[in-house]
Amino acid sequence: MSAVLVINSGSSSFKYQLIDMQTETELASGLVERIGEASGHARHTAAGSDRVEQTLPIPDHTAGFAVMLAAFAASGPQLSTANLVAVGHRVVQGGSIFQGPTVIDDEVLAQISALSDLAPLHNPAHVQGINAARAQFPDVPHVAVFDTSFHQTMPAPAYTYAIDTALAAEYGIRRYGAHGSSHKFVSEAAAEFLGRPLAELKTIVLHLGNGASACAVDGGKSIDTSMGLTPLQGLVMGTRSGDIDPAVLFHLHRKAGMSIEELDTLLNKKSGMLGLTGNGDMRDVEDAAIAGDAVAQAALDVYYHRIRGYVGNYIAQLGGLDVIVFTAGIGENSGIIRAGALAGLEFLGIEIDPAKNDPFSRAARVISTDDSKVTVLVIPTNEELEIARQTLAVI
Ligand code: ADP
């Protein structure tokens, strides 16, 4: 047996998962949160056992990793016998530097830190987490797996914004995309599920969670994606606006006196379904729409309109389409939203079968009709496993 520990660290929390790489199954998972607050919280679940929770002060990430190690020691599995071969770290922004998973040394860490300008909420927190994890696990390689690197195959016309090229070059302004581990995992899983060569498939992945993005995958390579310089661009999300005319910002600044900080908060934290309905949780919006709430239904219609626009765009960019895959919290769980998003696309050969789409299931499955030219799938994403696979591949 060999195991990889996957770490996803934020500024005041980190999630972890220990994965057995022979069977690709989860051995344990957990969360350490409210780091630096008066009272921290940790939970740990060893596979097949009950979740163990504790509340205690956790002053910094280093203390957080000590809490995680104590949880492994107390509730298992024992890390000393798990044959831990590497630690894989999720990193949101790899810029144009990191084309794939990369073994972390001091220079790589400095580069991840230097990319913080492009991901101010994420990269500094990853650096903190990586530092603490390297201190706790000094004897195994640590690998950075970037959300952006799957999209490094995008051609220049897809990633270039039509602005002054000198400014763009100086400030690293281009489309980078995100959710790369999910888009990669799901597009490969789709080919495997269908028993067809990845190299032959034209696929659109719709990752619909709190954050949401679409990706056009041609023969296993990302050729376009809806998120941009940051994860703000593209689809309508829980609290993010997605695509918007940038002039809206100038207008609100000039007319409403809003500052850059206020506009940042508006578009990232107070828009999307939250802005449209007052509630950013899609389950609640869906329930309200079913109960006849016109505001919720109107918001869903905006959500669907945006997805359909990207599907049409990506069919054109791909020059055809074989597969659409739904994934993440909303894509995996809501038949109503899957059907709503693709409604009216039958003329493109995209036909959902209600008998397959409506019943709830956790399994990978086909939801299109037998006659549908495009196969529509639901495939549960597994970003942790993808990070673990990429980690193992590079050590
Ligand atoms: P994150 O981007 O935080 O990883 P997830 O992929 O977990 O997000 O997705 C969270 C979203 O999925 C929430 O908006 C939640 O309401 C939504 N969701 C989960 N289950 C359902 C469901 N049955 N119907 C509609 N939305 C759902």
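Residues numbered from 1 in each chain as written. Predicted model: local features only at pLDDT ≥ 70, side-chain atom pairs only at ≥ 80, totals over all residues. Heavy atoms only, no water.

Observations regarding the site of the ligand
Right, so step 1: Neighbouring the ligand are the residues Gly 209, Asn 210, Gly 211, Asp 281, Met 282, Arg 283, Glu 286, Ala 328, Gly 329, Ile 330, Asn 333 and Ser 334.
Right, so step 2: The separation between an oxygen atom of the ligand and a polar side-chain atom of Asp 281 is 2.3 Å.
Right, so step 3: Gly 329 places a main-chain nitrogen or oxygen 2.9 Å from an oxygen atom of the ligand.
Right, so step 4: Elements supplying a minimum of two residues to the shell around the ligand: helix 10 (282-290) and helix 12 (328-333).
Right, so step 5: Broken down by element, the residue count for the shell around the ligand peaks at four residues, all from helix 12.
Right, so step 6: Looking at side-chain class alone, the shell around the ligand contains three nonpolar, six polar and three charged residues. (Near = heavy atom within 4 Å. Polar contact = N/O pair within 3.5 Å; in protein donor to acceptor, adjacent residues only side chain to side chain. Helix = DSSP H or I, 4+ residues; strand = E, 2+ residues; numbered from the N terminus. Nonpolar A, V, L, I, M, F, W, Y, C, P; charged D, E, K, R; others polar.)

Thoughts on the sheet that holds strand 2 (residues 13-20)
Right, so step 1: Read from one edge to the other, the open sheet built from eight strands follows the order 5-4-3-2-1-6-8-7, with strand pairing classed as mixed. Each having just a single partner strand, strand 5 (52-56) and strand 7 (102-103) make up the two edges of the open sheet.
Right, so step 2: When strand 1 (residues 3-9) meets strand 2, the two strands line up antiparallel, connected through seven bridges. When the bridges of strand 2 are listed, Val 6 appears paired with Gln 17. (Pairing = 2+ DSSP bridges.)

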